[in-house]
Amino acid sequence: MSHQVVDQASPPGADPQPQPPGPYQRADLERYYRANQAVASNRDRLRDAQDEIRTLEHSEAVEVFQKQIDLLQKRLVTDPQYFNQLFISEGIDAIAWEFRKDELDPDFTYKLWGLLLREDDMSTLLMRFLWNISLKSKRKFIRAIDAHLSDRYPMFKGLSVNWPGENNIPPYIRPPEERAKDFDLVNQGYLGYMGLGYSFREVELFVWLEVLRDKQCDDRPCEIGLPVMDGGENKGGCPVKIHIPELLHLMGEGKFRQALELIKESNPLPNVTGRVCPQEIQCQGVCTHNQRPIEIGQLEWYLPQSQKVLNPNKYLQLPQAISPWAKAERPPIAVVGSGPAGLINAYLLSKEGYPVTVFEAFHALGGVLRYGIPEFRLPNELIDDVVKKVEQLGGKFVRNFIVGKTATLEALKRAGFWKIFIGTGAGLPRFMNVPGEHLLGILSANEFLTRVNLMQAHKEEYETPLPTTAGKQVMVIGGGNTAMDAARTARRLGGEVTIVYRRTQAEMPVRVEELHHALEEGIQLKVLRAPQEFVGDHKTQFVTRALLDVMALGEPDASGRRRPVATGAIEEMPVDLVIMALGNTSNPIVKDAEPELKTSKWGTIEIRSGTQETSVDDVYTGGDAARGGSTAIKAAGDGQEAAREIMGENPFSPSELKSLVEHAERYTETGQAPAKILDKLELAAGIVEFVVHSPLVAKAAKAGQFVRVLAWEKGELIPLTLADWDAAAGTIDLVIQGLGSSTIVMNKMQVGDAFAGIAGPLGLPSQLHRYAAGETLVFTAGGVGLPPVYPIMREHLALGNHVTLIAGFRTRELMFWAEPDARIGQLQAEFPDTLEVIYATNDGSFGVEGFVTGPLAGLLDAAKAGTGRTVGEVVTIGPPLMMRAVSDLTQPYGVRTIASLNSIMVDATGMCGACMVPVTSDGKLVRKHACIDGPEIDAHSIDWDKFIPRFQQYRAQEDRNRQRHGV
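Just so we're clear, the structure is a prediction, and the values are computed from it rather than from any experiment. (Residues numbered from 1 in each chain as written. Predicted model: local features only at pLDDT ≥ 70, side-chain atom pairs only at ≥ 80, totals over all residues. Heavy atoms only, no water.)

### So, the overall build of the protein
What counts, and what does not: Counting from the N terminus, the helices are DSSP H or I runs at least four residues long and the strands are E runs at least two residues long. Throughout, the radius of gyration refers to the C-alpha atoms, and the reference size of a globule is 2.2 Å times the residue count to the power 0.38. Burial classes follow relative accessibility: with a 1.4 Å probe on protein chains only, a residue under 20% of its type's maximum area counts as buried, one over 50% as exposed, and anything between as partly exposed. Here a residue-residue contact requires only that any non-hydrogen atoms of the pair lie within 4.5 Å. Note on areas: these come from Shrake-Rupley sampling with a 1.4 Å probe, and a residue is covered only by the protein chains present in the view. Residues scored as charged are limited to Lys and Arg (positive) and Asp and Glu (negative), so that His and the chain ends carry no count. Positions of charges follow a simple convention, taking NZ of Lys, CZ of Arg, CG of Asp or CD of Glu.
Check the secondary structure of the protein and you find 33 helices and 32 strands. Computed over its C-alpha atoms, the radius of gyration of the protein comes to 39 Å, more than 25% above the 30 Å expected for a compact globule of 967 residues. If you line up the protein on its principal axes, its C-alpha atoms span 160 × 80 × 70 Å. The buried share of the protein, reckoned over its 967 residues, is 54%. Considering only residue pairs separated by 6 or more positions, the protein has 71% of its internal contacts joining residues 24 or more positions apart. Element-wise, carbon and sulfur atoms account for 51% of the exposed surface of the protein, whose accessible area totals about 43400 Å². Here the protein contributes 102 positive and 122 negative side-chain charges, whose respective centroids are spaced 3 Å apart.

### Re unusual backbone geometry
Of the consecutive residues Trp163 and Pro164, the connecting peptide bond is found in the cis state with omega at 10°. Within the fold, Pro164 resides in the loop between helix 6 (135-149) and helix 7 (176-179). Of the consecutive residues Gly934 and Pro935, the connecting peptide bond is found in the cis state with omega at 15°. The topology assignment puts Pro935 in the loop between strand 31 (924-929) and strand 32 (936-938).

### What about the nonpolar core?
The condition that has to hold: Buried Ala, Val, Leu, Ile, Met, Phe, Trp, Tyr and Cys residues that are joined via side-chain atoms within 4.5 Å together make up what is termed a nonpolar core.
In this structure, Ile95, Phe99, Trp113, Phe141, Phe156, Trp208 and Leu209 are the most contacted members of the largest nonpolar core, which totals 98 residues. The element that contributes the greatest number of residues to this core is helix 8 (residues 200-211), accounting for eight residues.

### Describing the packing of helix 5 (residues 121-132) against helix 8
Here is the rule: For helices, the fitted line uses only the C-alpha atoms of the stretch in contact; every axis is such a line through C-alpha atoms, and the angle between N-to-C directions lies from 0 to 180 degrees. Any angle between 65 and 115 degrees counts as roughly perpendicular, while under 35 counts as roughly parallel, over 145 as roughly antiparallel, and the rest as oblique. Note: crossing handedness is left-handed where the near helix turns anticlockwise from the far helix by less than a right angle, and right-handed where it turns clockwise.
Where helix 5 contacts helix 8, the two axes come as close as 11 Å, and the packing angle between them is 20°. As the angle between them shows, helix 5 and helix 8 are arranged roughly parallel. Between helix 5 and helix 8 the crossing geometry is right-handed. Contacts from Ser123, Met127, Leu130 and Trp131 of helix 5 reach helix 8 at Arg201, Leu205, Trp208 and Val211.

### Some points on the sheet that holds strand 23 (residues 757-762)
In plain terms, the rule: Only when DSSP finds a minimum of two bridges between them are two strands counted as paired.
Reading across from one edge, 19-18-23 is the order of the three strands in this open sheet, with antiparallel pairing throughout. Each edge of the open sheet carries a strand with a single partner, namely strand 19 (717-721) and strand 23. For this sheet, the mean inter-axis angle between neighbouring strands, taken without regard to orientation, is 25°. Pairing geometry for strand 18 (residues 706-710) and strand 19, over five bridges, is antiparallel. Bridging across to strand 19, Phe706 finds its partner in Thr721.

### Concerning the packing of aromatic side chains
We apply this condition: Geometry of aromatic contacts follows a simple scheme: Phe, Tyr and Trp rings, the Trp one being its six-membered ring, pair when their centres are within 6.5 Å, and the pair is stacked under 30 degrees between planes, edge-to-face over 60, tilted otherwise. Two limits define a charge over a ring: the Lys NZ or Arg CZ must be within 6 Å of the ring centre, and within 35 degrees of the ring normal.
Applying the stated criterion to the full structure yields 27 aromatic pairs. Measuring from ring centre to ring centre gives 5.7 Å for Phe359 and Phe417, while their planes differ by 85°; the resulting arrangement is edge-to-face. Note that Phe359 is positioned in strand 2 (residues 356-359) and Phe417 in the loop between helix 18 (409-414) and strand 4 (419-422), a separation of 58 residues in sequence. A single burial state applies to Phe359 and to Phe417, both of which are buried. Members of the aromatic cluster, connected to one another through ring pairs, are Trp113, Tyr153, Phe156, Tyr172, Tyr193, Tyr198 and Phe206. Lying over the aromatic face of Trp131, Lys138 brings its terminal NZ or CZ to 5.1 Å of the ring centre.

### A look at the state of the cysteines
The bond known as a disulfide is covalent and runs between the sulfur atoms of two cysteines. Note the threshold: When the sulfur atoms of two cysteines come within 2.5 Å, that pair is taken as a disulfide.
Enumeration according to the criterion identifies zero disulfides in this entry. Looking at Cys915, it has no disulfide partner, and the nearest cysteine sulfur is the one in Cys931, 3.4 Å off.

### Focus: the confidence of the model for the protein
Cut-off, in case you're wondering: As a per-residue measure, pLDDT reflects the predictor's confidence and takes values from 0 up to 100.
When pLDDT is averaged across the protein, the result is 89; 92% of the residues are at 70 or more. When the criterion is pLDDT under 50, residues 1-18 qualifies, and its contacts beyond four places in sequence or with other chains add up to four contacts.

### A short note on the side chain of Glu295
Cut-off, in case you're wondering: The salt bridge definition used is simple: a Lys or Arg side-chain nitrogen within 4 Å of an Asp or Glu carboxyl oxygen.
With respect to the element layout, Glu295 can be found in the loop between helix 12 (270-276) and helix 13 (296-310). Among buried charged residues, Glu295 stands out as having no salt bridge; its nearest opposite-charge side chain is Arg292, 6.1 Å away. In this view, Glu295 contacts Asn168, Pro171, Tyr190, Glu210 and Gln284; residues no more than four positions away in its chain are not counted.

### Quick word on helix 15 (residues 340-351)
Under the convention used in this document: Helix span, expected: 1.5 Å multiplied by one less than the number of residues in the helix.
In a regular helix each residue adds 1.5 Å, so 12 residues correspond to 16 Å; helix 15 covers 16 Å between its end C-alpha atoms and thus fits that length. Of all the 12 residues making up helix 15, 11 are buried; the element is thus mostly covered by neighbouring parts of the structure. The complete set of buried residues in helix 15 reads Pro340, Ala341, Gly342, Leu343, Ile344, Asn345, Ala346, Tyr347, Leu348, Leu349 and Ser350. At the exit of helix 15 stands Gly353, carrying a positive phi of roughly 95°.

### Let's talk about the packing of helix 15 against helix 24 (residues 632-646)
Under the convention used in this document: We call Asp, Glu, Lys and Arg charged. Ala, Val, Leu, Ile, Met, Phe, Trp, Tyr, Cys and Pro are nonpolar, and the rest, Gly among them, are polar.
Axis separation between helix 15 and helix 24 bottoms out at 7 Å; the angle between their running directions is 35°. Regarding helix 15 and helix 24, the two cross each other, and that crossing is right-handed. Residue-level inspection shows Pro340, Ala341, Ile344, Asn345, Leu348 and Leu349 of helix 15 in contact with helix 24, the latter providing Ala632, Ala635, Ala636, Gly639, Gln640, Ala642, Ala643 and Ile646. Looking at the contact of helix 15 with helix 24, its residues break down into 11 nonpolar, three polar and no charged.

### Digging into the pattern of salt bridges
Charged atoms that come close allow side chains of opposite charge to pair. Enumeration according to the criterion identifies 45 salt bridges in this entry. In this structure, Arg179 engages Glu520 in a salt bridge whose closest nitrogen and oxygen atoms are separated by 2.6 Å. Of the two residues, Arg179 sits in helix 7 while Glu520 sits in helix 21 (residues 512-520), which places them 341 residues apart along the sequence. Classification of Glu520 as partly exposed rests on a relative accessible area of 36%. Linking Glu572 and Arg545 is a salt bridge whose minimum nitrogen-to-oxygen distance equals 3.1 Å. Linking Glu572 in strand 12 (residues 562-574) with Arg545 in strand 11 (residues 543-556), this pair joins segments that are 27 residues apart in sequence. Of the residues examined, Arg545 reaches a relative accessible area of 31% and is grouped as partly exposed. Linked by salt bridges that have partners in common, Arg179, Arg377, Asp485, Arg488, Arg492, Glu514, Glu520 and Glu521 make up one network.

### Here we look at the sheet that holds strand 6 (residues 442-444)
Strands in a sheet are paired, the pairing made by backbone hydrogen bonds, and the direction either parallel or antiparallel. Across the sheet, five strands lie side by side as 6-13-7-8-9; this open sheet has parallel pairing. In the strand order of this sheet, the two ends are held by strand 6 and strand 9 (524-527), each with one partner. When the angles between neighbouring strand axes are averaged without regard to direction, this sheet yields 25°. Bridging between strand 6 and strand 13 (residues 577-580) involves three bridges; their strand directions are parallel. Note on strand 13: the bridge partner recorded for Ser444 is Met580. On top of the sheet, helix 19 (residues 445-454) reaches strand 6 and strand 13; it is set at about 80° to strand 6, its chief contact.

### Regarding helix 20 (residues 481-492)
Compared with an ideal rise of 1.5 Å per residue, which puts 12 residues at 16 Å, helix 20 spans 17 Å between its outermost C-alpha atoms and is within 8% of the ideal. Taken together, the buried positions of helix 20 are occupied by Ala483, Met484, Asp485, Ala486, Ala487, Arg488, Thr489, Ala490 and Arg492. Turning to helix 20, the residues buried within the fold contact helix 7, helix 19, strand 7 (473-477), strand 8 (496-501), helix 21 and strand 13.

### Concerning the environment of Ile718
For Ile718, the position within the fold is in strand 19. Considering only alpha carbons, one finds Ile718 and Leu269, 449 residues apart in sequence, at a separation of 33 Å. Aside from chain neighbours lying at most four places away, what touches Ile718 is Val707, Arg708, Val709, Ser742 and Met746.

### Describing the pairing of strand 11
In this structure, strand 10 (residues 529-536) lies alongside strand 11, joined through seven bridges in antiparallel fashion. Bridge pairing in strand 11 places Val535 opposite Arg545. Here nine bridges tie strand 11 to strand 12, and the two strands are oriented antiparallel to one another. What sits directly across from Pro556, in strand 12, is Arg562. Between strand 11 and strand 12, which follow one another and run antiparallel, lie five residues, and Gly560 among them has a positive phi close to 90°.

Structure representation (structure tokens):
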């Protein structure tokens, strides 16, 4: 930069006069001169270089080089990944060189782990590289992360000791002091580490480190199992045939999404089965790492759950497809039961384009997965996810539908369903039949878990009662997974829990992990003990203590376990609540309704050799219905195999297919129709009659049966006897007296409201006999016992039998149906010669004063004296005390007496065992189930002293519910 000095004395407008430069200006001039000299010199050299370029640019070597540059430029534009791979390959070569060293140094380990964390192409190639290197080099890598990264990752500390066979990174298990107080998931898997602050990618690498332990076996024992000597079913392996070696290979190379797609090809329920499958006797039980098997089950459910964490909105989205019902290209299939066998069967068939309807007995789907397994082991949302997947594929669900009661298998075939799969589960709970077993506070694990898991009875806003558990001494009898679920549930509800088992801990069939968790949570274990008697409080009828036989182990039994033998010693144990988890026997509902369906001596459904098909053509089965007590994963395997067999050759023409689909879809829609109230009649104070839309129940109903009613989602399951039905109109009539909180709330429902669910008809129909010798059948009906009496006596009258009705009410204001134009009046008009009606009121305000036993005694005495009709049979329905009084009255006369028992029930299909009725049979006190063996039971065989207190066992809970509802 130049500077110019202006003479201040020059006149305005005159040119400035030049001045000699000062020291500062002289330095600038020197720099200017040197710069000009440099430019001139470089200009000469540039000219020479340009001449040389012009001379060489047409040479052969330069022309080849230029073409290469052009090609690289084009490659960069069209395939930039090429350069990325080029640089990555160079990097991998450098890493491979590092692995030639004896040990990996800290700096390299940090950089290597940092590259793995990047989750890019380089990290994927690194995972592939480390998966494919030798075991010796893998151990070197594990030693490095143990030595250099364990400060950041405590789970790496000591990992290299005996790795890979005896050491690994375990999944995250919540601390026992925390988890024993809630129903949140206990084993949170590898994703549980995210709750400790680790990133998703870090967790993914923990999973990958577990996969890195794989030996990459050629004989695939984890998938196909190990052959057994007798040529039977292989030991271990995967019942749903997941290709485990390929799965581990994909995960080992960082291809987690592809691994998930592979697993879903075999098993649509990995998020479920991976949590509840007994891997220790299946895939992991035959793992060649026998000291510390690979966590295959954890990896199985990690894959879908990780995708749910990453993309919660896309997790359940399947490609859009035309509904199989709309396409009508394949015949419809009916699936009975929505447990693991039914769900996998429905999923696979729907995926292949079959119109599928799943018929479920409960109001909620999932079968044993929902009612039997607590949420701390299997969250319900995962079951809901599977249901949504089936629905997205076009599958339909009909709830509150009990096959064998609502419809037979033949009825489903007539409705358009080509083939049927039965996955109804195990059935009735076992009891010990020891003295005192009738006492209050003794129940099955099925009932206890159903009340908690399905009916949410432990939550204040739900209606279903639950035995008081907090602070109580709870005994759980049994050594299987169900016993552990019941014990751990009772612990979470505040109980002091002891598991009593007749063998030693080594013989317990429970999953090792579940027992370990139970003991961690403070549950006590009392082995080599078996209850011989329960003792209760004579006033309350609640159990107070148990007398235990002290056992010893004798010779092995048929199961291979040493048989427990009583030593003669007896031990006493105080108890407030006893939960029996002794396994299940088969539920007779389906087999009793299907005489052609062959069953074993244990009641399980028999299948043809080498297939899942039953003795009835086109009817298949699997899971506990065929196996007895088994596992969810084996049930899923049976459902999968049955689906393959069902996918046979289609024998129908397009027009036939269309007709079948239309019929099956119409039947499905009928089953899905809401149970809407069409009419409501106020019969008397607190007594209401509802006419309800329930076409399938109306079509199947018979006299003496009942229905299971759920009024609202948080309500309880109430058994209500059918007062009437109209198959043509598709309606049923229910008469409800508002006594408890649930029935009081139900009676406030209005026309247009819908019950949350009505299932049935349940129980055995009345046994009808023709009395041709002029005998009379006497019906004693107390209060709302009249509605269930009505259809039974109507059937007897239609047979030509003579009927005497004794209807008892507390007072005239509570009477109903007595007017000439009401039901009883109309029946009298229709059968004037064979129906005699006697009314009794406690206060004498109408008819005979007193109880129904007064007129009944008169009839019995007249018959005995020969001055009246012979009493052929007495049927009594009403309050338990009234039924007992009738039973006591008729017994000395030797008159057959039947009591219809509206007992305490939960599921009302026999599964829970809640409706226990103590009866004497062949001189022994045994139990019957009102919902399976009844509701009509020989009144003279019932031990009324033991039965009646059961109606009072939840009085305290009922009082709390009334207060909550303000009633």
